[in-house]
Amino acid sequence: MDYPKIDGLLLKIKSAYDSIGAETELVVEEPASIAEVEAVENSLQRKLPLQIREFFLHYSKRCEFSAYLPDDFELPSELDEIFSAGFLISLEEIVTAEDSRKEWVKSCFTNEDDEYDAVWHHKLGFMRVPNGDIIAFDVNENETNPPVVYLSHDDGEGHGYILGSDFDTYFEQLLLVGACGSEDWQMMPFCPDAQSGIVSDCDNAKNYRSIIDLQI
């Protein structure tokens, strides 16, 4: 991942939302030590996927952004589910998100033979969604650089959607669409289909960047 490019994108995104009157917060902590990463891997009882491991070691152990659009800010109908932007990628969050995924599997999605339940299995959660859903790695597909997928606990339309072919692709594309909110209905305008991932040069993405005046 091009970390100087990520730095620049984060600053441009924050500035764009500030300019439309959104409440924003950006936190980028120092990189993690190898001991901190290994402690998380010991807790998870598995190695982290390579790209997010590199992200923690060489960029930040906690990278967080949030923006809440003004109540009177109007978006066209195809984008009007976007009321906020944001993400949290951190060593602490990946443990909490995976614990949450396991709890959903244990309490609700136990049947791996069921098509809906099966999506929750053989994953590694790394970010919780405010509505209770999980963004996860499909480690069954690829242990080293797995795809990023959406797990809905409540029959959401985005259940099982691929959000990126790997972590680097997901994160960069997320930023290039203005770090849209993490609920599935906020990202789906930028996912042409369930397999495409977030596509930053789709018409909706271009329109959204123009509306919030995000110059990239």
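Thresholds, definitions, all that
- Residues numbered from 1 in each chain as written.
- Predicted model: local features only at pLDDT ≥ 70, side-chain atom pairs only at ≥ 80, totals over all residues.
- Heavy atoms only, no water.
- Axes fitted to C-alpha atoms, helices over the stretch in contact; angles between N-to-C directions.
- Helix = DSSP H or I, 4+ residues; strand = E, 2+ residues; numbered from the N terminus.
- Contact = heavy atoms within 4.5 Å.
- Nonpolar A, V, L, I, M, F, W, Y, C, P; charged D, E, K, R; others polar.
- Disulfide = S-S within 2.5 Å.
- Salt bridge = Lys/Arg side-chain N within 4 Å of Asp/Glu carboxyl O.
- Buried < 20%, exposed > 50% of the residue type's maximum accessible area, 1.4 Å probe, protein only.
- Pairing = 2+ DSSP bridges.
- Core = buried A, V, L, I, M, F, W, Y, C linked by side-chain atoms within 4.5 Å.

Asker: Help me get a handle on the packing of helix H3 (residues 50-58) against helix H6 (residues 167-176), residues and values and all.
Answerer: Relative to each other, H3 and H6 sit at 60°, their axes nearing to 8 Å. Every residue of H6 that contacts H3 at Gln-51, Ile-52 and Phe-55 is listed here: Phe-167, Asp-168 and Phe-171. Taken together, the residues that form the contact of H3 with H6 break down as 4 nonpolar, 1 polar and 1 charged.

Asker: Break down the state of the cysteines for me, with residues and values.
Answerer: Within the structure shown, the criterion is met by 0 disulfides. Cys-63 takes part in no disulfide bond, and the closest cysteine sulfur to it belongs to Cys-180, at a distance of 15 Å.

Asker: Account for the pattern of salt bridges, naming residues and giving values.
Answerer: The tally for this structure, following the rule as stated, stands at 10 salt bridges. A salt bridge links Arg-46 to Glu-143; the shortest N-O distance between them is 2.7 Å. With Arg-46 in the loop between helix H2 (34-44) and H3 and Glu-143 in the loop between strand E5 (134-137) and strand E6 (148-151), this pair connects stretches of sequence that are 97 residues apart. Given the relative accessible area of 24%, Arg-46 is considered partly exposed. The residue Glu-93 makes a salt bridge to Arg-128 at a minimum N-O spacing of 2.8 Å. With Glu-93 in helix H4 (residues 91-107) and Arg-128 in strand E4 (residues 124-128), this pair connects stretches of sequence that are 35 residues apart. Judged by relative accessible area, which is 5%, Glu-93 ranks as buried. Salt bridges sharing partners connect three or more residues here, namely Glu-30, Glu-36 and Lys-61.

Asker: Explain the sheet that holds E6 to me, using residue names and the numbers behind them.
Answerer: Pairing is antiparallel in the open sheet, where 4 strands are placed in the order E4-E5-E6-E7. Pairing within the sheet leaves two strands with one partner each, and these edge strands are E4 and strand E7 (162-164). With direction set aside, neighbouring strand axes in the sheet form an average angle of 35°. By the bridge criterion, 4 bridges tie E5 to E6 in an arrangement that is antiparallel. The residue of E6 that forms the bridge with Phe-137 is Val-148. Running over the sheet, H6 touches E4, E5, E6 and E7 and is turned about 15° from E4.

Asker: Got a sec to walk through the nonpolar core? Specific residues and values, please.
Answerer: Residues Tyr-17, Phe-87, Phe-126, Ile-135, Tyr-170, Phe-171 and Phe-190 are the most contacted members of the largest nonpolar core, which totals 62 residues. With 7 residues, the single largest contributor to this core is helix H1 (residues 3-19). For Tyr-17, the residues in contact, after removing those within four places along its chain, are Ala-22, Thr-24, Phe-65, Ala-67, Leu-69, Ala-85, Gly-178, Tyr-208 and Ile-212. Among the nonpolar cores identified, the runner-up in size contains 8 residues, and Val-105, Ala-136, Val-149 and Ile-162 belong to it.

Asker: A description of the environment of Ser-100 should follow, citing residues and the corresponding values.
Answerer: Looking at the secondary structure, you find Ser-100 in helix H4. A C-alpha to C-alpha distance of 9.6 Å links Ser-100 and Met-127, two positions 27 residues apart in sequence. Ser-100 has contacts with Arg-128 and Ile-134, leaving out every residue within four places of it along the chain.

Asker: Break down the pairing of E6 for me, citing the residues and quoting the values.
Answerer: Where burial is concerned, the two faces of E6 agree: the one with Val-148 and Tyr-150 and the one with Val-149 and Leu-151 are both buried. Pairing geometry for E6 and E7, over 2 bridges, is antiparallel. Its bridge partner lying in E7, Val-148 is registered against Gly-164.

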